[in-house]
Amino acid sequence: MRYAETGFNLEVDLTRGNIERVATDPGDTELYLGGLGTNAKILWDRVPPEVEPFSPDNLLIFGAGLLCGTPATGCNRTIVSTISPQTELMAFSMMGGFWAPELKYAGYDKVILRGKSPDLVYLWINNDNVEIRDASHLKGKGAVETAELLRQELNEPKAQVAAIGMAGENRVYFASIEQGRSSASRGGIGAVMGDKGVKAIVVRGTQDINVAQPAEYMELCNEVLEYIKFREANYIPGVIPILARLGSPQEMAIHDEKWHTENFSWGNSRTRRKGFWTDEVASDWMKTMDNVRTRLISCYNCPLKCGATISNPGLPTYMMKCFTKLTYTMAAFSDLDFGFKIAQRATEYGVDGYSAPQVMAFALELYENGILTDDDFPGMPSDNDGRFFWLLDRIVRREGIGDVLANGTHWAAKEIGNGAEAYAHNNIKKHEQLPLKLGMLNPIYFLMYCTGEKINITQIEGQFPQGPFPKREHREKFVKDWFQVPDEKFKQYFLDWEPRGENSMPYYPTVDMTCDIVDWQERMHYIDDALGMCAGVSSFHLKPPYHMHNYPKFISAGAGIDMDEDKLTQAAKRYRTLIRAINIRRGMRRKDEKPPEDHWKKRIPELEKELLDTYYKFKGWNNEGIPTQESLHELGLDYVSEDLIQRGILNK
Ligand code: SF4
């Protein structure tokens, strides 16, 4: 009997129209857990580095996290993995909502798409009945609209639908896959779905998932719920609202955008607007929010209600996720009303809410600086909001300049030339980064940014505070009930962290401490991504309900795998290293691991070099960031070192 997982994947060959239900190896679950971990193993085994993102041999894997479908609160993530057309590296974007539990209840842990369908199709997974169906009538339809049409067509109001919009169909490099109140957006995975000719995957499942030790498991789940209640009543003082609470309630439930609007950059990631958040702006934005926010909503099995349904007068209702309302508003130097309106259209088109606004702001900066001219923008309105709507429409249709911009700022700048590359200034690994510009280099975030291979906001932050608290007494209070730390030493690191003086940034935390902190933060993200846990109740947050001490118990009682903290650390390290090996095999090296030049005003090259040198060593990677033969051996990844040696990437 398999616990927590179903033990079956659905393999779909779109070229041949073939569907197979394939039993999986429980040994792989022990070594790589599920979700991201086993997705990575499949990509390593079956997608060699020669395979291009838009090759029929590229796989698009929808993996439900190991504990999805069990009663664990907030455990609902689908991890979508493929080779990204934008970065040409492994993409592993995640969506919340309801899709992953539904897939488990239908009897599958993953859906693996290979090949390409000659015509636009959708996949209908209804428990044991799985069909590839014609989707020609859905061509050009919005992602949310498609979901609704398919539920009606199938007469299945409870079916969960992951769909692409026009951006995915037209292979826009930052196209998303939309699902319910969530989406998998980073890395252009929607473009790969469109390239494979799949408009949507509809799932309905009514079966059960087994849990190894139900009584123990329910007790663990109840402890988590109790803790969530406790945290709701006891915010962490002294940190920004989004970190004081769990989930992302700030986005929709409460309203304080001071930190985001004043610290994230506006326009093409250049301008910080200190003092923007006045009482007048707060009151105007609150009114706007109250006018359009109709209902607060959660993902599957979560009480935190981070999202909301949004009804703009005259526009279809949609579900606002995360931070999108601000990314558009700020890129266009506009107001919240504009953000809510354009987010509706962008959600239907299915584009990443971080990349799309930045690509448009980049285009307008090129225009203002004479690198692009009126000839490139025939018929573009003169007002800023109008320009953004106009550009979005051109991009998702790949019309005119939109066809160039649809490849993202890195590739567009290369194609445009004439100095355009200097304007694509906010990229890491060919990928638009958070529009965050700060003063002093923060060593923790320097390493998180450099070595992160997912590159989204929730993978850069973590369970260690972002900065020192002003007074020691505040820090003492904070560490008092900080039971989530994997080691007591982290408390001392934080206690001694001062805003000024010898123990302040950039030289404190010291290089060695920084390596410890980054390794802990990263480990938690990778564990969440294998279990299917939302980072909003775990790795993204300070003092979350899930941590290194209760996760092994969840895995043991839930999946029936004998787990402890050391084994879990080793498993996470194993598939984290495997992902690095996939990307190394595709050409990623140290030169790619650097934050944008202007990410911090003050940069310190010697310290940055020491941080990277030391962290590489700490992780068991050589000076180029390539895992060494010894470290691969320790993790049971000899098959990886053999491959890297054969390809001349590692020396024997
Ligand atoms: S914390 Fe928010 S984003 Fe995460 S599962 Fe709960 S409702 Fe969804």
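A. Geometry of the pattern of salt bridges. Taken as a whole and assessed by the stated rule, the structure comprises 46 salt bridges. Put simply, Arg-580 and Glu-453 hold a salt bridge, and the shortest N to O gap is 2.9 Å. Here Arg-580, found in helix α24 (residues 565-585), pairs with Glu-453, found in the loop between α18 (443-451) and α19 (457-460); they are 127 residues apart in sequence, far enough to count as distant. By relative accessible area, which is 0% here, Arg-580 ends up buried. In this structure Glu-453 comes out as buried when scored by relative accessible area, which is 6%.

B. Spatial organisation of the layout of surface pockets. Its boundaries defined by the atoms lining it, the largest pocket holds a volume of some 690 Å³. Along the walls of the largest pocket sit 32 residues, with Trp-259, Asn-442, Gln-466, Gly-467 and Met-505 positioned nearest its centre. Looking at the lining of the largest pocket, the elements that each hand over two or more residues are α10 (258-263), β18 (438-440), α18 and α19. Top element by residues in the lining of the largest pocket is β18. It accounts for three residues. Among the residues forming the lining of the largest pocket, the class breakdown is 20 nonpolar, eight polar and four charged.

C. Here's a closer look at the sheet that holds strand β3 (residues 60-64). An order of β2-β1-β6-β3-β4-β5 is seen for the six strands of this open sheet, with the pairing classed as mixed. Lying at the two open borders of the sheet, with one neighbouring strand each, are β2 (18-23) and β5 (90-95). The sheet shows a mean angle of 15° between the axes of neighbouring strands, taken without regard to direction. Where strand β1 (residues 8-13) and β2 come together, six bridges link them in antiparallel fashion. Bridging from a neighbouring strand, Val-12 pairs with Ile-19 of β2.

D. Structural context of the packing of helix α22 (residues 511-531) against helix α25 (residues 605-619). Two elements in contact, α22 and α25, have axes separated by 10 Å at closest approach and are oriented at 55°. Accordingly, the angle class assigned to the pair α22 and α25 is oblique. Handedness of the α22/α25 crossing: right-handed. Judged by residue contacts, Val-511, Asp-512, Thr-514, Cys-515, Asp-516, Val-518, Asp-519 and Glu-522 of α22 engage Leu-607, Glu-610, Leu-611, Thr-614, Tyr-615, Phe-618 and Lys-619 from α25.

Thresholds applied
Residues numbered from 1 in each chain as written. Predicted model: local features only at pLDDT ≥ 70, side-chain atom pairs only at ≥ 80, totals over all residues. Heavy atoms only, no water. Salt bridge = Lys/Arg side-chain N within 4 Å of Asp/Glu carboxyl O. Helix = DSSP H or I, 4+ residues; strand = E, 2+ residues; numbered from the N terminus. Buried < 20%, exposed > 50% of the residue type's maximum accessible area, 1.4 Å probe, protein only. 1 Å grid on protein atoms, 1.4 Å probe; cavity = no way out; pocket = protein on both sides within 12 Å on 5 of 7 lines; lining within 4 Å. Points joined across faces, edges and corners; volume = space filled by probe spheres on them. Nonpolar A, V, L, I, M, F, W, Y, C, P; charged D, E, K, R; others polar. Pairing = 2+ DSSP bridges. Axes fitted to C-alpha atoms, helices over the stretch in contact; angles between N-to-C directions. Parallel < 35°, antiparallel > 145°, perpendicular 65-115°, else oblique. Left-handed = near helix turned anticlockwise from the far one by under 90°. Contact = heavy atoms within 4.5 Å.

These results come straight from atomic positions and should not be treated as a statement about function.
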